[in-house]
Amino acid sequence: MNLLTNTLSSLWQVVLVGLFFGAGLPAVFALGMRSLVAGRAGEQSRPNPLGIAGAVVCFAVVLIAIVAGILLLASDFLSSTFGIDVF
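The following refers to the structure shown. Keep in mind it's a predicted model, so treat the numbers as computed, not measured. (Residues numbered from 1 in each chain as written. Predicted model: local features only at pLDDT ≥ 70, side-chain atom pairs only at ≥ 80, totals over all residues. Heavy atoms only, no water.)

1. Some points on the overall build of the chain
Quick note on the threshold: A run of H or I in DSSP counts as a helix once it spans at least four residues, and a run of E counts as a strand once it spans at least two, with each numbered from the N terminus. We compute the radius of gyration from the C-alpha atoms alone; for a globule the expected value is 2.2 Å times N to the 0.38, where N is the number of residues. Burial classification: accessible surface area is computed with a 1.4 Å probe over protein chains only, and a residue below 20% of its type maximum counts as buried, one above 50% as exposed, and the rest as partly exposed. Should any heavy atoms of two residues lie within 4.5 Å, those residues are considered in contact. The Shrake-Rupley method, run with a 1.4 Å probe, gives the accessible areas here. Residue values count only the displayed protein chains as cover.
Of regular secondary structure, the chain possesses 3 helices and 0 strands. Taken from N to C terminus, the helices and strands of the chain fall in the order α-α-α. Over its C-alpha trace the chain gives a radius of gyration of 19 Å, far above what one expects of a compact globule, namely 12 Å for 87 residues. Considered along the principal axes of its C-alpha atoms, the chain spans approximately 60 × 40 × 15 Å. Evaluated residue by residue, the chain yields a buried proportion of 11% over its 87 residues. For the chain, the proportion of contacts with a sequence separation of at least 24, taken over those separated by at least 6, is 35%. Total accessible area computed for the chain in this model is approximately 6,900 Å², and 73% of it derives from carbon and sulfur atoms.

The structure is reproduced here in structure tokens:
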């Protein structure tokens, strides 16, 4: 029974991370793209400053998640080669 409990405990964590990176980050990126064009009436109109700020926040979240994922994957290499402990 302990094996089943541990397996189910790990399963929800894997599903949550999979949803975040598999569907969440592309959705945040799409929200950032959508906020860039929010409030524009035509091709020559100026972008909305609030839309630009929202897009910058969305793109920053995506960029931070990507960099954190790369550093997490390379943490053993960075630690053993350069002595840098990231996480």
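2. Structural notes on the side chain of Ser35
On the secondary structure map, Ser35 appears in helix H1 (residues 2-36). Since its relative accessible area comes to 16%, Ser35 is described here as buried. Ignoring any residue separated from it by four or fewer positions in sequence, one finds Ser35 in contact with Gly51, Ile52, Gly54 and Ala55.

3. Looking at a nonpolar patch on the surface
Our working rule: Exposure above 30% relative accessible area and the lack of any salt bridge qualify a residue for a patch; like charges then connect within 9 Å, and the nonpolar side chains Val, Leu, Ile, Met, Phe, Trp and Tyr within 5 Å. For salt bridges, the criterion is a side-chain nitrogen of Lys or Arg within 4 Å of an Asp or Glu carboxyl oxygen.
Taken together, Met1, Leu4, Leu8, Leu11, Val15 and Leu19 make up a surface patch of nonpolar side chains, about 650 Å² in accessible area. One can find Leu8 in helix H1.

4. Describing the packing of aromatic side chains
What characterises a pair of aromatic rings is the spacing of the ring centres plus the angle enclosed by the ring planes. We apply this condition: Each Phe, Tyr or Trp ring, with Trp reduced to its six-membered ring, pairs with another whose centre is within 6.5 Å; inter-plane angles below 30 degrees give stacked pairs, above 60 give edge-to-face pairs, and intermediate values give tilted ones.
This model, assessed by the stated rule, comprises 2 aromatic pairs. For the ring pair Phe77 and Phe82, a centre distance of 6.0 Å and an interplane angle of 90 degrees mean the geometry is edge-to-face. By relative accessible area, Phe82 is classed as exposed at 55%.

5. Side note on the environment of Phe59
With respect to the element layout, Phe59 can be found in helix H2 (residues 49-73). Assessed through its relative accessible area of 27%, Phe59 is described here as partly exposed. Residues Phe59 and Gly32 lie 27 residues apart in sequence; the distance between their C-alpha atoms is 6.3 Å. Beyond its immediate sequence surroundings of up to four residues, Phe59 is in contact with Phe29, Gly32, Met33 and Leu36.

6. Some details on the packing of H1 against H2
Angle between the axes and distance between the axes: these two values describe a pair of packed helices. In plain terms, the rule: Only C-alpha atoms enter the line fits that serve as axes; for helices the fit covers just the stretch in contact. Angles between N-to-C directions range over 0 to 180 degrees. Roughly parallel means an angle under 35 degrees; roughly antiparallel, over 145; roughly perpendicular, 65 to 115; everything else is oblique. Left-handed describes a crossing whose near helix is turned anticlockwise from the far helix by less than a right angle; the clockwise case is right-handed. Note on residue classes: Ala, Val, Leu, Ile, Met, Phe, Trp, Tyr, Cys and Pro are nonpolar, Asp, Glu, Lys and Arg are charged, and everything else, Gly too, is polar.
Taken N-terminus to C-terminus, the directions of H1 and H2 make an angle of 155 degrees; their axes are 7 Å apart at the nearest point. The pairing of H1 with H2 is recorded here as roughly antiparallel in orientation. H1 and H2 meet at a crossing whose hand is left-handed. Here Phe21, Leu25, Val28, Phe29, Leu31, Gly32, Met33, Ser35 and Leu36 of H1 lie close against H2, whose contacting residues are Gly51, Ile52, Gly54, Ala55, Cys58, Phe59, Val61, Val62 and Ala65. Residue composition of the contact of H1 with H2, by class: 14 nonpolar, 4 polar and no charged.

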